[in-house]
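# Topology and contacts: notes
What follows is each chain in one-letter form.
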Amino acid sequence: MLYSTARVVTDRPHRYIKQLVSHMGRKVPAELDEDRGSISFSIGSCLFVASTGHFDMIVKAGTADDVAAVEDTITRHLLRFATRDTLTVDWLPLVRPATAEDDAALLALDRAAWTAGSGLPSTRAEERTAYFNDRRKPETHLVAALGGQIIGAVSVHRTTPFPEGAHVFGLWNLVVAEQARRTSVASALLSAAEHLAGAQGARKIGLRVLATNTGAIRLYERHGYAVEGRYVDEFLIDGAYVDDISMGKCLTTPSRATV
């Protein structure tokens, strides 16, 4: 899947979301609640999230042409409704490659989004002044941004230096800001990571996740990852032993030798 986003600045975000969802909901499936709305077309969908002074739109579709078509439909209807306001709609990719300039934002995101169920407490004790280091490099990271603010990140790269394992990539450090959850950001990061790995020759992606991180496990399963192993009582966290789960996904159908 491909994802794009646009932030629309307005003092009436809920009004515009309601108008869009109500109008288009006459012809296509649509949903609306207090701060969110969604519209589903045959070729893709658009999610709307209201906030103070703006609302964000996130488009999801299978191809670049379909993304552009959904963007165009949403934009045309929105600007038609804006009879009293001058709205600006600039669509951008939801996910982009990270740069060294993202360091401070990623460090703040990493600190804020950590929970006891998703990571090791000992890593929080580190006095870090930077996110990137010899192990974490900008060129292996992707970031998600809404309105210029980084709200998610993921790292993907080869798991081993040996040529025999060059087709296997690993997924690390998937994180989404709390206020941006339930907005398809994690799915966008996963899809982008898989696309990046595939472009670099990956046939398979693996990852490790704590058994206590049930939300992440469900996310990975929805995206086709399956449990490949379980390391029982691998970590002792806050007085309780926690399993570490290995999951994997084949990006292409593997060819197996016959005997």
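See the structure above.
The rules behind these values
Residues numbered from 1 in each chain as written. Predicted model: local features only at pLDDT ≥ 70, side-chain atom pairs only at ≥ 80, totals over all residues. Heavy atoms only, no water. Helix = DSSP H or I, 4+ residues; strand = E, 2+ residues; numbered from the N terminus. Rg over C-alpha atoms; globule rule 2.2 N^0.38 Å. Buried < 20%, exposed > 50% of the residue type's maximum accessible area, 1.4 Å probe, protein only. Contact = heavy atoms within 4.5 Å. Areas by Shrake-Rupley, 256 points an atom, 1.4 Å probe, with all protein chains shown as cover. Lys, Arg positive; Asp, Glu negative; His and termini not counted. Charge placed at Lys NZ, Arg CZ, Asp CG, Glu CD. Pairing = 2+ DSSP bridges. Axes fitted to C-alpha atoms, helices over the stretch in contact; angles between N-to-C directions. 1 Å grid on protein atoms, 1.4 Å probe; cavity = no way out; pocket = protein on both sides within 12 Å on 5 of 7 lines; lining within 4 Å. Points joined across faces, edges and corners; volume = space filled by probe spheres on them. Arc of directions from axis to C-beta.

### Section: the overall build of the protein
Along the protein, the regular secondary structure elements total six helices and 13 strands. Against the compact-globule benchmark of 18 Å for 259 residues, the protein has a radius of gyration of 20 Å, which places it among compact chains. Overall, the protein is about 65 × 50 × 35 Å in size when its C-alpha atoms are taken along their principal axes. Each of the 259 residues in the protein was classed as buried or not, and the buried ones make up 44%. For the protein, long-range pairs separated by at least 24 residues make up 61% of all intrachain contacts whose partners lie at least 6 apart in sequence. In the form shown here, the protein has an accessible surface area of approximately 14300 Å², with 52% of it arising from carbon and sulfur atoms. One way to put it: in the protein the 29 positive side-chain charges average out to a point 5 Å from where the 30 negative ones average out.

### Comments concerning the sheet that holds strand β10 (residues 168-176)
Ordered by their spatial adjacency, seven strands build an open sheet running β7-β8-β9-β10-β11-β13-β12, and the pairing between neighbours is mixed. Edge strands, defined here as strands with exactly one partner in the open sheet, are β7 (95-97) and β12 (226-237). Across the sheet, the axes of successive neighbouring strands diverge by a mean angle of 25 degrees, strand direction being ignored. Where strand β11 (residues 204-210) meets strand β13 (residues 240-250), seven bridges bridge the pair, whose relative direction is antiparallel. Paired with Leu 207 across the strands is Met 247, a residue of β13. Sitting on the sheet, helix α3 (residues 103-113) touches β8 (141-146), β9 (149-158) and β10, and the angle it makes with β9 is about 95 degrees. Strands β10, β11 and β13 of the sheet are contacted by helix α6 (residues 214-222), whose axis makes an angle of about 160 degrees with β11.

### Description of the environment of Leu 207
If you trace the backbone, Leu 207 turns up in strand β11. When the C-alpha atoms of Leu 207 and Val 156 are compared, they prove to be 9.7 Å apart, with 51 residues separating the residues in sequence. Setting aside its immediate chain neighbours within four residues, Leu 207 contacts Leu 171, Tyr 220, Tyr 225, Ile 245, Ser 246 and Met 247.

### A look at the layout of surface pockets
Reported here for the second largest pocket is a volume of approximately 300 Å³. Forming the walls of the second largest pocket are 17 residues, and the residues nearest its centre are Met 1, Leu 2, Tyr 3, Val 95 and Ala 192. Counting residues per element, the ones that place at least two in the lining of the second largest pocket are β1 (2-9), α2 (64-81), β7 and α5 (185-199). In terms of residues, the lining of the second largest pocket owes the most to one element, α5, which gives five residues.

### Some remarks on α6
Taken together, the buried positions of α6 are occupied by Ala 216, Ile 217, Leu 219 and Tyr 220. Down the axis of α6, the buried set is contained in an arc of 160 degrees. They therefore lie on one face. Residues of α6 that are buried sit in contact with β10, α5, β11 and β13. Taken from the residues just after α6, Gly 224 is the one with a positive phi, measuring 95 degrees.

Scope: geometric values only; no functional claims are made or implied.
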